2 protein chains.
Amino acid sequence: MAKKGKQEAGITVNKSDDFSEWYTQVIQKAELIEYTGVSGCMVIRPLAYEMWEKIQQFFDKEIKKLGVKNAYFPLLIPENLLKKEQDHVEGFTPEVAWVTHTGNSKLKERLAIRPTSETIMYDSYKKWIRSYQDLPLLINQWCNVVRWEFKHPMPFIRTREFLWQEGHTAHADKEGADKEVFKILDLYAKVFEELLAVPVLKGTKSDKEKFAGADYTVSVEMMFPDGKAIQGATSHALGQNFAKVFGISFVDKDMKKKYVWQNSWGITTRSLGIMYAIHGDDKGLVIPPKMAPNKVVIVPILFKDTKAKVLKKAKELKKKLEKYGVILDERDDYSPGWKFNEWELKGIPVRLELGPRDLEKGSVMLARRDTGEKEIVKFSGLDKKIKSVLDDIQKNMFEKAKKFLKSNIVEVKSFAEFKKAIKSGKFVKANWCGKVGCEENIKFETGGAKTLNIPFSQPKKLGKCVYCGKEGKHLLYFAKSY
Amino acid sequence: MAKKGKQEAGITVNKSDDFSEWYTQVIQKAELIEYTGVSGCMVIRPLAYEMWEKIQQFFDKEIKKLGVKNAYFPLLIPENLLKKEQDHVEGFTPEVAWVTHTGNSKLKERLAIRPTSETIMYDSYKKWIRSYQDLPLLINQWCNVVRWEFKHPMPFIRTREFLWQEGHTAHADKEGADKEVFKILDLYAKVFEELLAVPVLKGTKSDKEKFAGADYTVSVEMMFPDGKAIQGATSHALGQNFAKVFGISFVDKDMKKKYVWQNSWGITTRSLGIMYAIHGDDKGLVIPPKMAPNKVVIVPILFKDTKAKVLKKAKELKKKLEKYGVILDERDDYSPGWKFNEWELKGIPVRLELGPRDLEKGSVMLARRDTGEKEIVKFSGLDKKIKSVLDDIQKNMFEKAKKFLKSNIVEVKSFAEFKKAIKSGKFVKANWCGKVGCEENIKFETGGAKTLNIPFSQPKKLGKCVYCGKEGKHLLYFAKSY
């Protein structure tokens, strides 16, 4: 094998100098993504996919506790069906990939590859829902979707095909639907904060930024290392909009015919990109222990005379620590230093170094990926130590990210301060009158700062709108965003 | 809610009188499938999808034990890439769904929705494989594929979009690859026989019937209730065919450059349809306990005076038996008889009937779905009884299906016998010279009997070819098939 030099394998730019280039390099060199001949369509490699499986396992279990069942709806949506709901259509049509031919035949009607499945699902829901006894109908699917965006693609963050779950539920009343919207948002917050160690801002999207066809959208928003905002996951109250268009009604206990109240909610593989971007450093990925398929790597320091003894002990340790997921890197033709770099690049939380002198002393050198700290640990206390270090890494990564987020939010009173803060890459917290005109002017005059979301807890008294000076309606976040 | 009459809800034909109509009715009335506006593209409803999840859980765990990792490759394959391997292209092009436009733009090159992912995956494999140390490369994906067949669609059995897993592996030598081909086939046999209670015929496909682009294909084949054969799952040895076309080579330990040996293997949602078709009866589905999301349904017999007492006990039982998955059907506006029919239609393995007189006696009436047998069981022995009944149902269903299969295989010596057996809807076991000419003539002269597969264990001495009378090369199965 042609040995790869450090030049080729390592990251050649600092995260703080050129975030975009840093991200692109990390994602590819850590073997998370492979590019294909189609721009924006990327391979999710096993290392990244294993992390997606962790999100799936967690979230799937939680929604099943709520009574949600998985199903699978067709990939291809007839054009007339996709276009049935007006707002929805306008939101998605420009990005639809169209199937026009099958084999050598031209189709009579074009078929859209689903950009989202509201229309194809609700066409079935109207057949399934007759009575209040059929409600709530709680269905989810894990699948791929295609949105042919024309902006520059970015692995995980902006891809033309991505994986997600989409939950689509129908309820007998607004109260039941509303309750679920927030319950799901809390689960998304849990995925980000507890698994991915990424702090979130929860709140309600403005009307301009909500989902096409929804009554309202709540979201979790995060801060990218470059100060831009990114939407992590969304939960939509669709109200009765789709129900009326698709004719989804039921006979209630009072024998009256009513339209159902619907929600839809989703989290995508973008979440992985957010995690990689936020935690990574100049050496590469830093994976939170709860998301790491392998939490420990053992690198034996091999010399000719002591190789057998050291390897024997290393294998023993690997077996003993199996429950954490352990890689034992016993490759002959790589130096320990090269191996350290590789596993740091891939973000494994804990590295154990074991050489002949460690062996004599009955200990290993333990290195933490998050802080780089090293510590000598006796074999006898190793299991316990690793457990506590992993807990500490998970906690530390979250705290660090939270500190970064908090220190980059600036609350402003004037539009001059607003512009200055946005220019210096901050999130702005400011009062807003709620008018779309101000929202659009702010966006235009700041070169793109959008409303992120309106926090659920609002002060009792609000100041004036930061743009027009009229009565403030919400205190909320603004930022440039992905 | 408008109560559905028995007429509408139940199956209106006998399985033995009109299998095709019976199947169509069962699949839809048991709420496994919903049709959409696109012919051949169907919704997999929660009840069926839960069963697919059971197959996924089992198989995913088994392949992970073998070191296989999951990943995700793009849905869309550029036309030039799909057409790179000649045999492969001929096999799939007539059925490809083509994306030609995105948004309002026409694409420069058409994109195929994957009918299978060999080409898109191997285009990456050539970048990832350099050294023997990169082998074996063992990757699987769970995904949707589209094959626009023009034959009449049949739920689960022949659909234009279906779900599957596709494993794609690369090995340093033929031995390693061969070993895996059979290991995977054994896993597929286990899925069918142990989970789905469906007996299989294992063997090697003829060259004519093998996968487009493979050296050889092994398969598990089953018998449908109408006597037709159906292919359950396949494992392909691709040899070095794709490796040479895609340039997937590695430097071996001896420093020589070699092409990899590749396999691909898949099982699809068709497996569910096979299970439904084989086990169902005139009342509807019969689900093997290992595949049933809910193994027990409790139907309380409710009278005004005793309702509260009976429901209380029913809830107690539900809680106690939770581990089996239990439905307690406490709906008011349906009669017990109506409920019996509904749960029989949906195939729940065990039904418990609980009325006031049962309560007095401290027992329930237990009814088995497979045999219809009823038995009074004391509360105290219920848990143990259910466990043993479920085991027995699983075993009984498999044995019954096996008996059906065996009793419908006829070994013949002459082509006259052959034609007679095929005409009466049997599988034929016969000697064959191995020539494709005979295979094609047999198919033509019998109105469609194909070679299924060649069992791995062959007699030491073979008789003459049943068609041409020359030296026999294999003793194998023939049948009309789906």
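Residues numbered from 1 in each chain as written. Chains lettered and ligands numbered in written order. Predicted model: local features only at pLDDT ≥ 70, side-chain atom pairs only at ≥ 80, totals over all residues. Heavy atoms only, no water.

Student: I keep staring at the interface of chain A and chain B and nothing clicks. Help me out?
Tutor: A common way to express how large an interface is: the accessible area buried when the components associate. Taken together, the contact between chain A and chain B spans 58 residues of the former and 58 residues of the latter. Summed over the shared surface of chain A and chain B, the number is six salt bridges. Note that A:Glu50 is salt-bridged to B:Lys69, the shortest N-O span being 3.2 Å. Seen at the junction of chain A and chain B, the total is 28 residue pairs in polar contact (both at pLDDT 80 or more). Relative to strand 5 (residues 97-102) of chain B, strand 5 (residues 97-102) of chain A is paired through five bridges, and the arrangement is antiparallel. Residue pairing for strand 5 of chain B: A:Val99 is matched across the bridge by B:Val99. (Contact = heavy atoms within 4.5 Å. Salt bridge = Lys/Arg side-chain N within 4 Å of Asp/Glu carboxyl O. Polar contact = N/O pair within 3.5 Å; in protein donor to acceptor, adjacent residues only side chain to side chain. Pairing = 2+ DSSP bridges. Helix = DSSP H or I, 4+ residues; strand = E, 2+ residues; numbered from the N terminus.)

Student: What is the right way to look at the domain arrangement of chain A in this model?
Tutor: Segmentation of chain A into domains returns domain 1 (10-279), domain 2 (294-388) and domain 3 (409-479). The gap between the C-alpha centroids of domain 2 of chain A and domain 3 of chain A is 50 Å. (Domains from an automatic or database assignment.)

Student: Sorry if this is basic, but what is going on with the environment of B:Lys69 here?
Tutor: Here B:Lys69 shows up in strand 3 (residues 69-70). Given the relative accessible area of 34%, B:Lys69 is considered partly exposed. Distance in space between the C-alpha atoms of B:Lys69 and B:Leu138 is 6.3 Å, their sequence separation being 69 residues. Those residues within four positions of B:Lys69 in sequence are excluded, and the remaining contacts are A:Pro46, A:Glu50, B:Leu138, B:Ile139 and B:Asn140. Within polar-contact distance, the side chain of B:Lys69 engages the side chain of A:Glu50 at 3.2 Å. (Buried < 20%, exposed > 50% of the residue type's maximum accessible area, 1.4 Å probe, protein only.)

Student: When you look at a positive patch on the surface in this model, what are you seeing that I'm missing?
Tutor: Together, A:Lys151, A:Lys208, A:Lys228, A:Lys423, A:Lys443 and A:Lys480 give the surface a local cluster of positive charge. You can call A:Lys228 partly exposed: its relative accessible area is 32%. (Patch = residues over 30% accessible without salt bridge, like charges linked within 9 Å, V, L, I, M, F, W, Y side chains within 5 Å. Areas by Shrake-Rupley, 256 points an atom, 1.4 Å probe, with all protein chains shown as cover. Lys, Arg positive; Asp, Glu negative; His and termini not counted. Charge placed at Lys NZ, Arg CZ, Asp CG, Glu CD.)

Student: Which parts of the structure should I look at to understand the packing of aromatic side chains?
Tutor: The relative placement of two aromatic rings is captured by the distance of their centres and the angle of their planes. Tallying each qualifying case throughout the model produces 48 aromatic pairs over all chains. Measuring from centroid to centroid gives 6.4 Å for B:Phe73 and B:Tyr125, while their planes differ by 65 degrees, and the two rings are edge-to-face. On the criterion of sequence distance, the pair formed by B:Phe73 in the loop between strand 3 and strand 4 (76-78) and B:Tyr125 in helix 6 (residues 118-128) is long-range, its members being 52 residues apart. Here B:Phe73 matches B:Tyr125 in class, with each residue buried. Both rings, one in B:Phe242 and one in B:Phe246, keep their centres 6.3 Å apart while their planes meet at 25 degrees; by these two values the pair is stacked. Placement of both B:Phe242 and B:Phe246 in helix 8 (residues 241-246) is noted, with a separation of four residues, approximately one turn of the helix. The residues B:Phe242 and B:Phe246 share a single accessibility class, namely buried. Among the aromatic residues, those joined into a ring-pair cluster are A:Phe73, A:Tyr122, A:Tyr125, A:Trp128, A:Phe242 and A:Phe246. Positioned over the ring face of A:Trp98 is A:Arg110, at 4.0 Å from the centre of the ring. (Phe/Tyr/Trp six-rings, centres within 6.5 Å; stacked < 30°, edge-to-face > 60°. Lys NZ or Arg CZ within 6 Å of the ring centre and 35° of its normal.)

Student: What's the story with the relation of the copies chain A and chain B in this structure? I'm lost.
Tutor: Applying a rotation about an axis and a shift along it to one chain copy brings it onto the other copy. Mapping chain A onto chain B calls for a screw motion: a turn of 180 degrees about the axis and a shift of 0.0 Å along it, with 0.1 Å RMSD after fitting. Interpreted geometrically, this transformation is the action of a two-fold axis. Measuring from the rotation axis to each C-alpha of chain A, the shortest distance belongs to A:Val99, at 2.1 Å. Looking at chain A, 100% of its interface residues are interface residues in chain B too, so the copies touch through the same face. (Least-squares fit on C-alpha atoms with pLDDT ≥ 70 in both.)

Student: Is there a simple way to think about the side chain of B:Arg147 in this case?
Tutor: All names here are of chain B. Position of Arg 147 among the secondary structure elements: in the loop between strand 7 (137-146) and strand 8 (161-171). Buried within the structure, Arg 147 lacks any salt-bridge partner; its nearest side chain of opposite charge belongs to Glu 95, at an N-O separation of 5.1 Å. Residues contacting Arg 147, with those up to four places away along its chain left out, are Phe 92, Glu 95, Pro 115, Thr 116, Thr 159, Arg 160, Phe 162 and Trp 164.

Student: In this structure, what is going on with the sheet that holds strand 3 of chain B? I would like to understand it.
Tutor: The strands making up a sheet associate through hydrogen bonds between their backbones, and the pairing can be parallel or antiparallel. All names here are of chain B. The seven strands are arranged 3-7-8-14-11-10-9 in an open sheet whose pairing can be described as mixed. Strands with a single pairing partner mark the edges of an open sheet, and in this sheet they are strand 3 and strand 9 (201-204). Bridge count for strand 11 (residues 229-239) against strand 14 (residues 261-268) is six bridges, and the pairing is antiparallel. Bridge pairing in strand 14 links Gly 239 to Gln 262. Sheet strands touched by helix 9 (residues 270-279): strand 10 (216-223), strand 11 and strand 14. Its angle to strand 11, the strand with the most contacts, is close to 150 degrees. (Axes fitted to C-alpha atoms, helices over the stretch in contact; angles between N-to-C directions.)

Student: Looking at this structure, how should I read the sheet that holds strand 14 (residues 261-268) of chain A?
Tutor: Residue and element names in this part refer to chain A. Spatial ordering of the open sheet is given by 3-7-8-14-11-10-9, a layout of seven strands whose pairing is mixed. Looking at which strands have only one partner, the edges of the open sheet turn out to be strand 3 (69-70) and strand 9 (201-204). Pairing geometry for strand 9 and strand 10 (residues 216-223), over four bridges, is antiparallel. From the neighbouring strand, Gly 203 faces strand 10, where its bridge partner is Ser 219. Sheet strands touched by helix 7 (residues 174-195): strand 7 (137-146), strand 8 (161-171), strand 9, strand 10, strand 11 (229-239) and strand 14. Its angle to strand 10, the strand with the most contacts, is close to 10 degrees. Here helix 9 (residues 270-279) sits on the sheet and contacts strand 10, strand 11 and strand 14; the angle it forms with strand 11, its principal contact strand, is near 150 degrees.

Student: Would you mind showing me how to read the packing of helix 2 (residues 19-29) of chain A against helix 9 of chain A here?
Tutor: Between two packed helices, the angle of one axis relative to the other and the distance separating the axes together describe the packing. Residues and elements named next belong to chain A. Remark: helix 2 packs on helix 9, axes separated minimally by 11 Å, with the N-to-C direction vectors making an angle of 115 degrees. Between helix 2 and helix 9 the crossing geometry is right-handed. Touching Phe 19, Trp 22, Tyr 23 and Ile 27 of helix 2 are Gly 273, Tyr 276 and Ala 277, all from helix 9. Residue composition of the contact of helix 2 with helix 9, grouped by class: six nonpolar, one polar and no charged. (Left-handed = near helix turned anticlockwise from the far one by under 90°. Nonpolar A, V, L, I, M, F, W, Y, C, P; charged D, E, K, R; others polar.)

Student: Quick question: what am I supposed to make of the pattern of salt bridges here?
Tutor: Two side chains with opposite charge may pair up if their charged atoms get near one another. Following the criterion strictly, the structure yields 71 salt bridges over all chains and no others. We note a salt bridge from A:Asp329 to A:Arg331, for which the minimum N-O separation is 2.9 Å. For A:Asp329, a relative accessible area of 3% gives the class buried. For B:Glu353, the salt bridge identified is with B:Lys374, shortest N-O distance 3.0 Å. Placement of the pair is B:Glu353 in strand 17 (residues 350-354) and B:Lys374 in strand 19 (residues 374-378), with a sequence separation of 21 residues. We classify B:Lys374 as partly exposed; its relative accessible area is 46%. Members of the salt-bridge network, linked through shared partners, are A:Glu31, A:Asp329, A:Arg331, A:Lys339, A:Glu342 and A:Lys346.

Student: Help me understand the packing of helix 3 (residues 46-65) of chain B against helix 7 (residues 174-195) of chain B, please; the structure alone is not making it clear to me.
Tutor: All names here are of chain B. Across the interface, helix 3 lies against helix 7 with an axial gap of 11 Å and an inter-helix angle of 145 degrees. The two elements helix 3 and helix 7 meet at a crossing, and its hand is right-handed. Note on element contacts: helix 7 touches helix 3 through Ile 184, Leu 187, Tyr 188, Lys 190, Val 191 and Leu 195, opposite Lys 54, Ile 55, Phe 58, Phe 59, Glu 62 and Ile 63. Classifying every residue of the contact of helix 3 with helix 7 gives nine nonpolar, no polar and three charged.

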